[in-house]
Amino acid sequence: MAIRKSLSFHLWISALLLLFIHGDCFYLPGVAPEDFAKGALLQVKVNKLSSTKTQLPYSFYSLPFCRPEAIVDSAENLGEVLRGDRIENSPFVFRMREPQMCNIVCKTTLDAKAAKDFKEKIEDEYRVNMILDNLPLVVPIKRQEQESATFYQHGFHVGLKGQYTGNKDEKHFIHNHLSFLIKYHQDAQTDSARIVGFEVKPFSVKHEYDGEWMNEKTRLTTCDPHAKRLVLNSDSPQEVKDKEDIIFTYDVQFKASDVKWASRWDTYLLMSDDQIHWFSIVNSLMIVLFLSGMVAMIMLRTLYRDISKYNQLETQEEAQEETGWKLVHGDVFRQPANSDLLCVYAGTGVQFFGMILVTMIFAALGFLSPSNRGGLMTAMLLLWAFMGLFAGYSSARLYKMFKGTEWKKITLKTAFTFPAIVFAIFFVLNALIWGEKSSGAVPFGTMFTLVFLWFGISVPLVFVGSYIGFKKPVIEDPVKTNKIPRQIPEQAWYMNPIFSILIGGILPFGAVFIELFFILTSIWLHQFYYIFGFLFIVFLILIVTCAEITIVLCYFQLCSEDYLWWWRAYLTSGSSALYLFLYAAFYFFTKLEITKPVSGVLYFGYMLIVSYAFFVLTGTIGFYACFWFTRLIYSSVKID
């Protein structure tokens, strides 16, 4: 009986771990599948036009594409609006399992402005994004080096550049014929089916027709289902130029698939080289775990020896000649310079830590799968607001320990310092996006929502947290502080604050930089990021690394009789943010093809916000680790 119970428990734990590492594989009850009977109307929606070269999204109808009778906006969540998603209805009419060939959408005549707009978007490699049954449209592309391997590009390019045979002038051609393929999984019991794939092959075709133009009833000579004449290539492409007629057409094919509805996102998610990803993460884990083990062993052995030695010395005459970290016991808990600011940043870091921890857990358990567009960003913003409670509590507790009395002043600083700086940068970047008339610009309604989250939820919660924290009894120091501060002896070159702070940031950055590459790729190269289980493990390693490197450098600092550890502890692990920003700059110049100055400013502006947030997070982890460590060692030795 006991064996059976143990076995079932192990199976349950194994299942949970698998679920945790592959957080994308299952769907919550709230994300219900939709069954479509044969002939049922399928709603195709268009999303933003996106480009990895400019990073500025635009609404689909900002270009003179064919329009439905009335454009209807889909309801978008906060995260979708901030991402620049603009989901609207489209003129495409699909019916389930009813193939269509050479359907005419419309004919449009370009004027000089429309031709210029199309050429600019083709030049900047813009892609059209569409959605069917919550699945994004993809273009299957065969890998040249591997015959069987196919990877999927999100959205199809607006057009392409090329030259006519025997002509060196570069022309712009538009993709005006779309060959859609909808994959479905049929229910064995009923006649209904579920959509499991949405693919397209775009073509550029200069359509021709005989007789008069009769809208959708016109019979094309270049694409005729009656004569079995289909569009299979772009040999006679449609050029973009002034006063040119462009006819937009599409085909729809349906194909039965063995892929079940619950696994339909796997195709989208398994698109990068998995082997490299797994090996690099495991490699990173091994190196960091090894370093952590080494650090922990050195610390335990050295400290154990020190404390025993100090406690033995007390019984001997040598007690008068104290050396090392015990010597500064009368100054180690002396109030640091700018202690108010330290309280503010420690509180903000706790707020950040809580937000990221809860987000990671939810994401790893599949609550924030990519099918829930904008869900991750919405969750992070809401959690940030609610974690204000812990920010207020932490900063007030520290402030009271530093003999502070004006708790309302420290509360206001905690509630406004970090968000105000981020909001100011964000506002400037948003103004730049407005200037480019991009859909990525946050509307005033959404801006008001963000301000409400800050002032209406976060600020009051910071006050509640501060009130509770300030009511708590003060944190007592384990040793008394002398009235007169002792002189700090001259330090060795390697104990120079700037040098040791910069050295301290290398290890935490080393723990995350491989994962950082994948995160940057997902943000700036418009790919899905989904391995939240592994990201959570990397986050735990980051916590351990920040704590350990700060404790080690703090120990060396105290041993050399320098007791000004408060700010140094925060900056030691926080300096990893500097390496993060430098890596972001390296990534910009080596991996991205951004040409517009505005896009460059946007990239560095957003990466500055990310680096600043990373500084606050890692600095707080290091500071609290060192705070715990100093209290622990000074309460372990006998001091007269």
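Everything below is about the structure printed above this text.
Just so we're clear, the structure is a prediction, and the values are computed from it rather than from any experiment.

Draft legend 1. Expanded view of unusual backbone geometry. Positive phi is not limited to glycine here, since N134 has a value of about 70°. Turning to its location among the elements, N134 is positioned in the loop between β4 (127–132) and β5 (135–136). The residue N338 is not glycine, and still its phi comes out positive at about 50°.

Draft legend 2. A look at the packing of aromatic side chains. One pass over the structure, following the stated rule, counts 60 aromatic pairs. A ring pair is formed by F94 and Y250, whose centres lie 5.7 Å apart and whose planes are at 45°; its orientation type is tilted. One end of the pair, F94, is in strand β2 (residues 88–95); the other, Y250, is in strand β13 (residues 245–256), and 156 residues separate them in sequence. A relative accessible area of 4% means that Y250 is categorised as buried.

Draft legend 3. Region of the structure containing the packing of helix α12 (residues 506–524) against helix α15 (residues 576–591). Relative to each other, α12 and α15 sit at 35°, their axes nearing to 10 Å. When the axes of α12 and α15 are compared, the crossing they make is right-handed. Judged by residue contacts, I506, P508, F509, F513, L516, F517, L520 and T521 of α12 engage S576, Y579, L580, Y583, Y587 and K591 from α15.

Draft legend 4. Broad picture of the nonpolar core. Among the nonpolar cores identified, the biggest contains 93 residues, and W325, L558, W565, W566, Y603 and Y634 are the most heavily contacted of them. Ignoring anything within four residues of it in the chain, the contact list for W565 reads V332, F333, C554, Q557, L558, F623, C626, F627 and T630. Ranked by size, the runner-up nonpolar core spans 58 residues in total, among them F36, I174, F254 and Y530.

Draft legend 5. Expanded view of the pattern of salt bridges. For the coordinates displayed, the defined rule picks out 18 salt bridges. The salt bridge involving K183 is made with E199; its shortest N-O contact spans 3.0 Å. Of this pair, K183 sits in strand β11 (residues 177–186) while E199 sits in strand β12 (residues 193–203), placing them 16 residues apart in sequence. You can call E199 buried: its relative accessible area is 9%. Between K413 and D340 there is a salt bridge; the shortest N-O distance is 3.7 Å. Here K413, found in helix α9 (residues 407–435), pairs with D340, found in helix α6 (residues 339–364); they are 73 residues apart in sequence, far enough to count as distant. Take K413: its relative accessible area is 34%, and that puts it in the partly exposed class. On the accessibility criterion, D340 (19% relative accessible area) is buried. Taken together, the shared-partner salt bridges connect D340, E406, K409 and K413 into one network.

Cut-offs applied
- Residues numbered from 1 in each chain as written.
- Predicted model: local features only at pLDDT ≥ 70, side-chain atom pairs only at ≥ 80, totals over all residues.
- Heavy atoms only, no water.
- Helix = DSSP H or I, 4+ residues; strand = E, 2+ residues; numbered from the N terminus.
- Phe/Tyr/Trp six-rings, centres within 6.5 Å; stacked < 30°, edge-to-face > 60°.
- Buried < 20%, exposed > 50% of the residue type's maximum accessible area, 1.4 Å probe, protein only.
- Axes fitted to C-alpha atoms, helices over the stretch in contact; angles between N-to-C directions.
- Left-handed = near helix turned anticlockwise from the far one by under 90°.
- Contact = heavy atoms within 4.5 Å.
- Core = buried A, V, L, I, M, F, W, Y, C linked by side-chain atoms within 4.5 Å.
- Salt bridge = Lys/Arg side-chain N within 4 Å of Asp/Glu carboxyl O.

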